[in-house]
Amino acid sequence: MSDITIDTQLTITEKENIIAESSKLGKRFSERAAKYDREGTFPVENFEDLKESGFLGIMIPKAFGGMGADFLTYTKALEQISMGDASTGLTYNMHNIAVGSLAELQLDDIGGSRGRAMVNFRNWVYDQAVNHKKLFASASSEPGVGAHFSKLKTMYRRVDGGFLINGVKNWVSMAGHADYYVVAARSEQSNNDIPAISFLVVEKENPGTRIEYTWDVLGMRGTSTNTVYLEDCFIPTERLFLGSEGMALYKIAREPHWLVGGYNGVYLGICTAAFQFMINYLREKKIPGGGGSVADNERIQHKVGELYAALASARAIAYNAARLVAEQPGSPEANTAIHHAKYLVSELGPTLTSEAIRLCGGSTIHKQFPLERYYRDARCGGLMPATSDQCLFYMGKAAFGADLSKPSETYW
Ligand SMILES: Cc1cc2nc3c(=O)[nH]c(=O)nc-3n(C[C@H](O)[C@H](O)[C@H](O)COP(=O)(O)OP(=O)(O)OC[C@H]3O[C@@H](n4cnc5c(N)ncnc54)[C@H](O)[C@@H]3O)c2cc1C
């Protein structure tokens, strides 16, 4: 019997190998996670490992030297990586938001100079990621604006040979560590209700960039999420993302899965790691005064059963959403499912980790255990796009039959 699946060119064995390799990486990362968390420093060694294992090309087709993962395989791989270190998973996902969105495109039929520009850009990104091991960061959110793309204040204008960008991005994960920043900016010429937003790729060494290091936060402390100032920052024409101007809002309204659902694997990974920790801890913990393991207690078993049901349901929803994205990207079903999953996974994290601390007891707030870090990291899920409230807004609107492929109908 053939093990070729219908949704990608990868065999089931190849997909399993990617997930198994991710699991190995995640285990290695788990040994370093406490140190990076305590210092609030970027997990440089983890990214060396990701590069060495070819993981910067996870989404890039095999024909271009990548691994050719589909969205479901990616979600599972990211879950494994984030079980070890969620800051690494989150920042690694930022890279894949840029690269993965390109890998889904069918560019072969687009002819003319536009088609050539798109193909050249895509091939350049693939080459940078696969052969030069370069990391791409996502620089969209702004002070007072968040990730509302239609309200962005960062501007760009055309000049001889390229573009000049001016603005401030105050949530750039991997700032100072990524090789490129994919910057979302509004055209100065844009005067429509739906502003012309484009992505422009800025090199780390660009003299028009300046980083302010202020990241000292509750959770996701190893993400180096800092402020990047763009001051008369020049980029050449060929660094306009996909050679396309002004289409970003339309694209993310039609296909929000990377910007929303990329995080699902990250926050699912935290939930899974917290659950596993809780089981191992309770199994070892003795009932005070003798009388066996706490795990034998019926009240504990009942509570663990509840948490198991919540985690298994969130995982099933997240995998199903990722499968829909792999099979029907941009369909209303896939888009709604990805918001549903983002909501469930993001809201489960703080509850599950809090309940796990409650069941395991006071010792587990000690930093010798990872549970208190899971608790802090998990709190960040619902703050990232789409925030939990935006997910509810999206699902509610979808239920009333709104056409959410129109930018004017979305929260962006
Ligand atoms: C760990 C971490 C790493 C990050 N890394 C990056 C990065 O690399 N690049 C990047 O660009 N950004 C990044 N971000 C920023 C992130 O993408 C968001 O922009 C940021 O968290 C928004 O914060 P805010 O509270 O200002 O958002 P807001 O959009 O102001 O949301 C605040 C709250 O307002 C309410 N709200 C807002 N809009 C709606 C709506 N339409 N419907 C219902 N309720 C609504 C919700 O309750 C929401 O939670 C990161 C964030 C975190 C936490």
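Okay, so let's go over this structure. Since this is a predicted model, take the numbers as computed values, not measurements.

Quick word on the overall build of the protein chain
Then, number 1: The secondary structure content of the protein chain amounts to 11 helices and 7 strands.
Then, number 2: The C-alpha radius of gyration computed for the protein chain amounts to 22 Å, which stays within 12% of the reference 22 Å derived for 412 residues, consistent with globular compactness.
Then, number 3: Summarising its shape, the C-alpha atoms of the protein chain cover approximately 80 × 55 × 45 Å along the three principal directions.
Then, number 4: Evaluated residue by residue, the protein chain yields a buried proportion of 56% over its 412 residues.
Then, number 5: When contacts within the protein chain are restricted to residue pairs at least 6 apart in sequence, those whose partners lie at least 24 apart make up 72%.
Then, number 6: As displayed, the protein chain has an accessible area near 17900 Å², and 52% of this comes from carbon and sulfur atoms.
Then, number 7: Charge separation in the protein chain, taken as the distance between the mean sites of 42 positive and 46 negative side-chain charges, equals 3 Å.

Observations concerning the packing of helix α1 (residues 12-39) against helix α2 (residues 44-52)
Then, number 1: Relative orientation of the contacting elements α1 and α2 amounts to 165 degrees, with a least axis distance of 9 Å. Here α1 is positioned roughly antiparallel relative to α2, judged by the angle of their axes. With respect to the hand of their crossing, α1 and α2 are arranged in left-handed fashion. Judged by residue contacts, Leu25, Arg28, Phe29, Arg32, Lys35 and Tyr36 of α1 engage Val44, Glu45, Asn46, Asp49 and Leu50 from α2.
Then, number 2: Across the contact of α1 with α2, the residue classes tally to 5 nonpolar, 1 polar and 5 charged.

Regarding the state of the cysteines
Then, number 1: All told, the structure shown has 0 disulfides when counted by the stated rule.
Then, number 2: We note that Cys360 lacks a disulfide partner, and the nearest cysteine sulfur, in Cys271, lies 15 Å from it.
Then, number 3: Its relative accessible area of 0% is what places Cys360 among the buried residues.
Then, number 4: Cysteine Cys380 shares no disulfide, and the gap to the nearest cysteine sulfur, in Cys271, comes to 13 Å.
Then, number 5: Owing to a relative accessible area of 14%, Cys380 belongs among the buried residues under this scheme.

Some remarks on the site of the ligand
Then, number 1: If you check the shell around the ligand, you find 20 residues, and the closest are Ser138, Ser141, His148, Trp171 and Asp389.
Then, number 2: Ala147 is positioned such that a nitrogen or oxygen atom in its backbone is 3.3 Å from an oxygen atom of the ligand.
Then, number 3: Here the ligand has 970 Å² of accessible area as a free molecule, and 73% of this is covered by the chains.
Then, number 4: Contributing elements (two or more residues each) for the shell around the ligand: β3 (162-172) and α11 (388-399).

Let's talk about the environment of Tyr156
Then, number 1: Tracing the backbone shows Tyr156 in strand β2 (residues 155-159).
Then, number 2: Owing to a relative accessible area of 1%, Tyr156 belongs among the buried residues under this scheme.
Then, number 3: A sequence separation of 77 residues divides Tyr156 from Cys233, and the C-alpha atoms of the two residues are 9.0 Å apart.
Then, number 4: Not counting residues up to four positions away in its chain, the partners in contact with Tyr156 are Phe163, Leu164, Ile165, Ala185, Arg186, Ser187, Glu188, Ala196, Ser198, Leu200, Glu245 and Gly246.

Things to note about the pairing of strand β4 (residues 180-187)
It is a general feature of regular strands that their side chains alternate between the two faces of the sheet.
Then, number 1: β4 sits mainly inside the fold: 8 of its 8 residues count as buried.
Then, number 2: Here strand β1 (residues 136-139) runs beside β4; their pairing, made up of 4 bridges, is parallel. When the bridges of β4 are listed, Ser138 appears paired with Val182.
Then, number 3: Pairing geometry for β4 and strand β5 (residues 197-203), over 7 bridges, is antiparallel. When the bridges of β5 are listed, Ala184 appears paired with Phe199.

The rules behind the values
- Residues numbered from 1 in each chain as written.
- Predicted model: local features only at pLDDT ≥ 70, side-chain atom pairs only at ≥ 80, totals over all residues.
- Heavy atoms only, no water.
- Helix = DSSP H or I, 4+ residues; strand = E, 2+ residues; numbered from the N terminus.
- Rg over C-alpha atoms; globule rule 2.2 N^0.38 Å.
- Buried < 20%, exposed > 50% of the residue type's maximum accessible area, 1.4 Å probe, protein only.
- Contact = heavy atoms within 4.5 Å.
- Areas by Shrake-Rupley, 256 points an atom, 1.4 Å probe, with all protein chains shown as cover.
- Lys, Arg positive; Asp, Glu negative; His and termini not counted.
- Charge placed at Lys NZ, Arg CZ, Asp CG, Glu CD.
- Axes fitted to C-alpha atoms, helices over the stretch in contact; angles between N-to-C directions.
- Parallel < 35°, antiparallel > 145°, perpendicular 65-115°, else oblique.
- Left-handed = near helix turned anticlockwise from the far one by under 90°.
- Nonpolar A, V, L, I, M, F, W, Y, C, P; charged D, E, K, R; others polar.
- Disulfide = S-S within 2.5 Å.
- Near = heavy atom within 4 Å.
- Polar contact = N/O pair within 3.5 Å; in protein donor to acceptor, adjacent residues only side chain to side chain.
- Pairing = 2+ DSSP bridges.

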